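Structure assessment
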Amino acid sequence: MGNTINQTNRTLLMEMLNPEKMDFLTLVGDVRGMESLSDDKIREINEHLLVHSFAEALEKLDPTVYSYFDANSQKVIYRLEKPETIAEEMLTRIPVNDKNAVMNMLMSMIDTKRAEGAINVDFKFEKLTEMISPKKVMDDIKQNRKELQYTYGEYAMLEEGDPKKKDLADRLNVMFEEASANYNNVMAMLPLAIEDIKTRLLLGEGDVKKDNTPLALGVLSMGDDGELKVLEAPKAETTALAAVDDHINTGLIAALKEDYEALNEDSNSYTEALVARTFCPLASTMESGIDRKKEVENYNSYLAFYKESQDEFIRTVKPLLEKLLGIWCFFEQYPKKTKGMRPSMLIANQSMEMMSKSSNIPRLVTYLNTVNAKNDFSNTVWYAVAPSISLDQYSKMKITRERFKGNEAAAKTDVNSVEALSRILDVFTDYEVQCFFSYETGDSTTFNTLATEGIEKYEERCAPLAGKAFSEYAIPCIPNFTIIPKDKSGVILDRRMVINEEDVVELSKESEDIMKLWIDGVYVGAAYVAAGLVAAYQSPDYLKEKFGKGVDPELPGVRFDIEADDHSLAVRTIMAKEITGFTNSIKADINRKNFGFVFSSENAVYQGKDITNIMVYKARNLLNDGAVYEPIYKTQVTTYIERVLRHGTGDFKEDSIVQFFSNNPNSQKSRWLSKRECINAILGRGDDIAYDIDAENGYCTLDITFNGNVKNLEVEINRLNAAGRI
């Protein structure tokens with residue numbers, strides 16, 4: 001019976017990542033007159049939407065931002081949805097994955113904080129935010145080009161037909177492919193142009209000069225003199241780059257230029273030269289007359305345009321980045337090297353608002369009927385993640401006149417209503433799916449705010465969800481996690497360039513000439529981390545890694561109570577502490593209410609080591625017995641016992657139920673009781689399970705006792721014997 005249920009941590013995420021990709025509702029399709037879906041249909045849904053790692057999520061859903069130039073506003077416009085009215089050739093696709101500079105910076109932020117164990121107030125965020133400045137973008141390219149030059153050098157020295165040459169050719173193809181992703185994306189080329197001008201204009205006479213090819217500009221967004229002219233592409237000119245003695249560099253330059261021309265019908269000499277210079281810098285003796293005034297103008301114009309466009313890009317992409325970081329945090333809770341029951345996620349690729357529409361609810365019901373109401377548990381959904389629930393119940397006071405430049409209240413388009421959550425929870429209750437939800441991200445739902453304001457506003461906001469049939473399956477997760485605080489989210493891109501009184505080009509020292517953009521804070525919904533951690537400790541391998549002994553290798557962690565003993569010290573999130581802790585009065589308030597799935601950022605010591613991770617303080621759902629809210633493990637144990645019972649008794653056959661609970665040492669109950677000392681026992685110390693069959697009405701009532709508290713479960717007896725069943 002140990003392997004009847006092989007996973008207890010499949011998680012459904014109700015979020016849209018890429019509107020161009022398949023989604024849950026489309027794949028399930030029209031379900032009128034259908035009880036369940038075919039095995040082929042479940043396989044198809046899994047092929048498109050089921051992921052076992054963050055990398056697989058990026059691969060399957062390929063999150064993308066689309067950009068195009070608006071000639072009227074002279075701006076780059078970014079969209080998360082592919083604009084239908086813009087011709088394909090005018091659109092630039094920007095993949096938002098772990099190679100994206102902003103995404104990479106945010107993931108590094110979490111990793112570095114974890115390694116340092118520094119709280120937000122002490123952490124040097126600016127050291128990492130500068131990863132998206134032109135200088136850092138160029139640093140990354142320098143590393144890439146070093147590898148490119150080395151690989152091309154090895155390739156060029158080998159004779160044709162040498163098998164090793166073919167291997168190197170394969171590697172070069174991949175490198176060129178990565179480099180070429182930027183040729184057509186002016187926004188990707190701008191930081192290169194900025195650094196390129198700086199390198200050539202700011203080098204002193206004593207330094208080795210880089211290639212001083214004069215600029216003959218003309219790119220999608222650059223005019224003849226290098227000024228930015230959106231959508232005015234002049235005819236290409238033919239400015240040849242200086243030939244160098246080094247035949248390897250010459251060969252590499254020729255290959256890069258040929259690649260650039262092959263991929264660009266409207267190729268122009270400036271970008272072609274810039275590509276070649278960027279990926280193959282030349283130590284050239286060639287002197288050229290540089291129009292310094294024009295170059296300085298270009299540099300300042302590029303920098304201003306880059307800042308404005310990056311501002312727009314970050315504003316557009318931030319909601320998507322927060323979702324992706326959430327998925328990353330979900331999977332990060334489970335150590336990469338640990339085998340066993342790895343958490344898996346079914347990404348609906350659809351918003352919860354859309355999923356909860358009355359016309360779409362039947363599709364969710366039919367799907368869950370297929371995977372949660374049968375005796376095959378391989379695709380059963382145990383958890384769901386519902387992020388970004390609206391926190392604002394009341395409209396804000398309308399300010400008639402803005403006296404000072406305040407926060408622009410950006411209308412959040414991806415916030416979910418409590419009504420939508422209620423409709424979804426209604427369905428989840430029937431199929432025993434525990435739903436972790438968190439409130440919209442921002443600086444009002446952080447550890448800092450919870451530490452100063454307390455838990456009351458969350459309890460008030462959850463009031464409509466308490467006292468309902470579905471309350472047991474609703475798990476409010478608080479507070480949200482801060483990746484970059486709002487007030488520390490500035491990124492210095494660079495300083496403007498000037499020609500000083502001595503007629504020397506230099507970077508301005510004036511503070512108003514510092515080009516800076518604000519990311520305005522980045523946050524991750526607590527529901528992702530809560531679901532990720534609970535999904536992780538379902539695995540006996542994970543628990544064994546945390547506790548060493550006392551873990552049964554067969555049993556899942558359904559009965560693991562993270563609030564008991566020192567469990568929360570052993571099983572911690574991978575997120576670094578954010579604040580020094582809650583005050584005693586705030587902790588007393590949380591303890592008195594015993595409300596929600598609450599994370600804490602406290603000082604603690606476990607097995608002689610200081611803990612610098614965020615821990616779980618409470619793990620409760622919204623079912624209230626009048627005194628306290630119920631721990632989440634009770635719900636899952638009850639669900640697990642019911643599912644094992646249903647499978648083990650052939651859908652609740654009376655004689656099999658009696659056998660299931662008998663004192664026979666081989667009965668399921670006896671086997672569970674024999675393991676009650678284990679950390680992941682299904683029936684722990686002080687637990688018991690009893691049954692009462694009401695033969696007259698055809699029901700069996702189970703009384704599951706957790707440390708003296710009884711939870712009831714009623715199942716309908718199947719009176720047909722095997723031969724008489726349909």
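Scope of this entry: the structure provided in the associated data block. Note that the coordinates shown come from a computational prediction; the quantities given were computed from them, not determined experimentally.

1. Structural notes on the packing of aromatic side chains
What the rule picks out here adds up to 21 aromatic pairs. Pairing Tyr640 with Trp672 gives two aromatic rings, centres 6.4 Å apart and planes at 40 degrees, and the pair type is tilted. Of this pair, Tyr640 sits in helix H21 (residues 632-648) while Trp672 sits in helix H23 (residues 668-673), and the two are 32 residues apart along the sequence. Judged by relative accessible area, which is 2%, Tyr640 ranks as buried. Trp672 gets classed as buried once you look at its relative accessible area, which sits at 4%. Among the aromatic residues, those joined into a ring-pair cluster are Tyr383, Phe436, Phe447, Phe481, Phe582, Phe597 and Phe599. The ring centre of Tyr155 lies 4.5 Å from the NZ or CZ of Lys165, which sits over that ring. Above the plane of the ring of Trp382 lies Arg643, whose end atom (NZ or CZ) is 4.6 Å from the centre.

2. As for the pattern of salt bridges
This model, assessed by the stated rule, comprises 33 salt bridges. Between Glu312 and Arg315 there is a salt bridge, with its nearest N and O atoms 2.9 Å apart. Taken together, the positions of Glu312 and Arg315, both in helix H11 (residues 292-332) and three residues apart, correspond to about one turn of that helix. When its relative accessible area of 56% is taken as the criterion, Arg315 is described as exposed. Salt bridges sharing partners connect three or more residues here, namely Asp111, Arg114, Glu332 and Lys336.

3. Describing the sheet that holds strand S3 (residues 64-70)
Strands sit in the order S4-S3-S5 across an open sheet of three strands; the sheet is antiparallel. A strand with exactly one partner marks an edge of an open sheet, and here the two such strands are strand S4 (75-79) and strand S5 (92-95). Direction aside, neighbouring strands of the sheet carry axes that sit 30 degrees apart on average. Here five bridges tie S3 to S4, and the two strands are oriented antiparallel to one another. Within the sheet, the bridge partner assigned to Ser67 lies in S4 and is Tyr78. The sheet strands contacting H11 are S3, S4 and S5, and the helix crosses S4 at an angle near 10 degrees.

Cut-off values and rules
Residues numbered from 1 in each chain as written. Predicted model: local features only at pLDDT ≥ 70, side-chain atom pairs only at ≥ 80, totals over all residues. Heavy atoms only, no water. Phe/Tyr/Trp six-rings, centres within 6.5 Å; stacked < 30°, edge-to-face > 60°. Helix = DSSP H or I, 4+ residues; strand = E, 2+ residues; numbered from the N terminus. Buried < 20%, exposed > 50% of the residue type's maximum accessible area, 1.4 Å probe, protein only. Lys NZ or Arg CZ within 6 Å of the ring centre and 35° of its normal. Salt bridge = Lys/Arg side-chain N within 4 Å of Asp/Glu carboxyl O. Pairing = 2+ DSSP bridges. Axes fitted to C-alpha atoms, helices over the stretch in contact; angles between N-to-C directions. Contact = heavy atoms within 4.5 Å.

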